[in-house]
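# Residue-level structural notes
This is what each chain is made of:
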Amino acid sequence: MTQPFGGLVPVCRKEFLHIVRDPGTLFFALFIPMVQLFLFGFAVDTNVRQIPTVVLDESRTEDSRQLLESMASSDVFQLKMNARSVDEMYGAIRAGKARVAIRIPYDYARHLEDGTTATVQVLVDGSDSTVAGQAVSTSTGVALQASLIRVLPDGKMPIEVRPSMLYNPAMRSANFFVPGLIAILLQVMTILLIALSLVRERERGTLEQLTMTPVAPLGLMVGKMIPYGVLAFGELCGILAVMRVVFQVPIHGSTLILLGMSIPFLLTVSGIGLVISTKARTQAEAFQLSMGTVLPSVFLSGYIFLIENMPPFFQWVSRLLPATYYIRILRGIILRGAGIRELWTEAAVLTGMGCAAILLAARLFVKQKA
């Protein structure tokens with residue numbers, strides 16, 4: 001009677017030898033994810049600062065200069081241009097030289113002295129909603145603060161809010177994006193390598209030779225999966241080291257727990273790669289199917305957009321994505337110092353997903369043989 005995992009060790013040994021002897025596989029698995037980590041880690045910055053701003057100061061008084069100084073000190077506006085007319089001000093925004101325009105009317109100081117409302121026009125380029133929202137909120141806040149100082153006798157606010165930013169006090173984008181990026185990079189690398197390995201053997205005709213040996217389907221699937229899982233785990237250790245040393249992202253939780261909870265995710269994405277390999281007939285098809293898992297994981301997993309803000313249907317879809325649960329684990333341990341007690345549910349879901357994917361791959365492989 002054939003053992004459920006019969007042939008696992010020979011298949012595993014054979015795949016390890018293939019990885020070691022194939023420089024292309026090692027290059028893709030070790031070098032490419034590091035390059036992507038550096039590109040996205042340094043290039044992606046959601047903190048809106050120094051928005052190019054054009055100023056049309058028709059008042060040219062001490063009051064208008066104080067207002068502009070308050071705008072500039074917020075670090076959101078970069079007052080880089082002075083317009084001489086309304087047409088020049090609109091032209092700067094139209095040409096893309098400025099994203100914001102501040103127009104202070106000639107009667108600004110007179111209204112302040114009379115105690116009437118002084119109007120300041122702030123024009124914002126709405127083509128980028130993030131920049132536009134930050135510009136509107138900051139300009140409104142600066143105006144509100146200036147108004148309260150004038151209205152209150154002693155200049156003190158009756159209510160003072162003292163916010164305290166937990167876990168990421170400097171509001172660094174790298175602290176938010178790099179942990180999530182780890183999940184995306186590991187998923188792409190693992191799924192693609194495993195899917196291509198089985199399809200490559202099918203194209204070369206060596207897969208048929210394996211089916212003639214007493215290798216059980218589960219033994220073949222797991223034997224194919226383990227070497228690439230080990231490779232992905234080594235890549236994870238390297239990425240964590242780069243994250244800590246280069247991007248200065250501290251790991252507030254236990255590194256051992258993080259590595260241990262990464263195994264269910266690697267198990268799941270490896271199973272997905274095996275399922276893809278059983279359906280694809282060529283390496284090009286395997287590549288396309290593997291890359292088809294990237295966009296849903298990027299946009300629906302909570303990596304960039306908040307899941308709670310999505311329509312109910314897409315919230316349901318996000319629960320089917322392994323990256324959703326692994327990103328929660330990464331950010332929970334790295335940023336918030338969470339432990340097993342807070343994250344065991346995510347690890348359990350990933351383990352169930354991984355086992356189901358491997359069993360499905362073995363079943364599909366048996367049907368192909370039949």
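Preceding block: the structure.
Residues numbered from 1 in each chain as written. Predicted model: local features only at pLDDT ≥ 70, side-chain atom pairs only at ≥ 80, totals over all residues. Heavy atoms only, no water.

## A look at the side chain of Ser301
Here Ser301 lies in the loop between helix H12 (294–300) and helix H13 (312–318). Among the polar contacts made by the side chain of Ser301, one reaches the main-chain carbonyl oxygen of Ser297 at a distance of 2.3 Å. At a separation of 3.4 Å, a polar atom in the side chain of Ser301 contacts the main-chain amide nitrogen of Tyr303. Dropping the residues within four chain positions of it, Ser301 is found in contact with Pro296, Ile307, Leu321, Ala323, Thr324 and Ile327. (Helix = DSSP H or I, 4+ residues; strand = E, 2+ residues; numbered from the N terminus. Polar contact = N/O pair within 3.5 Å; in protein donor to acceptor, adjacent residues only side chain to side chain. Contact = heavy atoms within 4.5 Å.)

## Digging into the state of the cysteines
Summed over all chains, the structure comprises 0 disulfides. No disulfide involves Cys12; its nearest neighbouring cysteine sulfur is the one of Cys355, lying 17 Å away. For Cys12, a relative accessible area of 10% corresponds to the buried category. Free of any disulfide, Cys237 has its nearest neighbouring cysteine sulfur in Cys12, separated by 18 Å. (Disulfide = S-S within 2.5 Å. Buried < 20%, exposed > 50% of the residue type's maximum accessible area, 1.4 Å probe, protein only.)

## Details of the nonpolar core
A general feature of soluble globular proteins is that nonpolar side chains tend to end up buried together. In terms of nonpolar packing, the biggest core is built from 72 residues, with Leu37, Ile182, Met221, Leu240, Tyr326 and Ile334 touching the most fellow members. Broken down by secondary-structure element, the contributors of at least two residues to this core are helix H1 (8–21), helix H2 (23–43), helix H7 (173–204), helix H9 (217–245), helix H10 (255–279), H12, helix H14 (322–334) and helix H15 (340–369). With 19 residues, the top contributor of residues to this core is H7. In contact with Ile182, other than residues within four places in its own chain, are Leu236, Ile239, Leu240, Met243 and Leu330. (Core = buried A, V, L, I, M, F, W, Y, C linked by side-chain atoms within 4.5 Å.)

## What to know about the packing of H7 against H14
Orientation of H7 relative to H14, taken along the N-to-C sense of each, is 140°, at an axis distance of 9 Å. Between H7 and H14, the interaxial angle falls into the category oblique. For the pair H7 and H14, the crossing hand works out as right-handed. Contacts from Phe176, Pro179, Gly180, Ile182, Ala183, Leu186 and Gln187 of H7 reach H14 at Ala323, Tyr326, Ile327, Leu330, Arg331 and Ile334. In terms of residue class, the contact of H7 with H14 is made up of 10 nonpolar, 2 polar and 1 charged. (Axes fitted to C-alpha atoms, helices over the stretch in contact; angles between N-to-C directions. Parallel < 35°, antiparallel > 145°, perpendicular 65-115°, else oblique. Left-handed = near helix turned anticlockwise from the far one by under 90°. Nonpolar A, V, L, I, M, F, W, Y, C, P; charged D, E, K, R; others polar.)

## Thoughts on the sheet that holds strand E2 (residues 77–82)
Spatial strand order, E2-E1-E3-E4: 4 strands in an open sheet with mixed pairing. This sheet does not close on itself; its edge strands, each paired only once, are E2 and strand E4 (121–124). Going across the sheet, the axis of each strand differs from the next one's by a mean of 30°, ignoring polarity. Along the sheet face, helix H6 (residues 129–151) touches strand E1 (51–57), E2, strand E3 (100–104) and E4 and points at about 170° away from the line of E4. (Pairing = 2+ DSSP bridges.)

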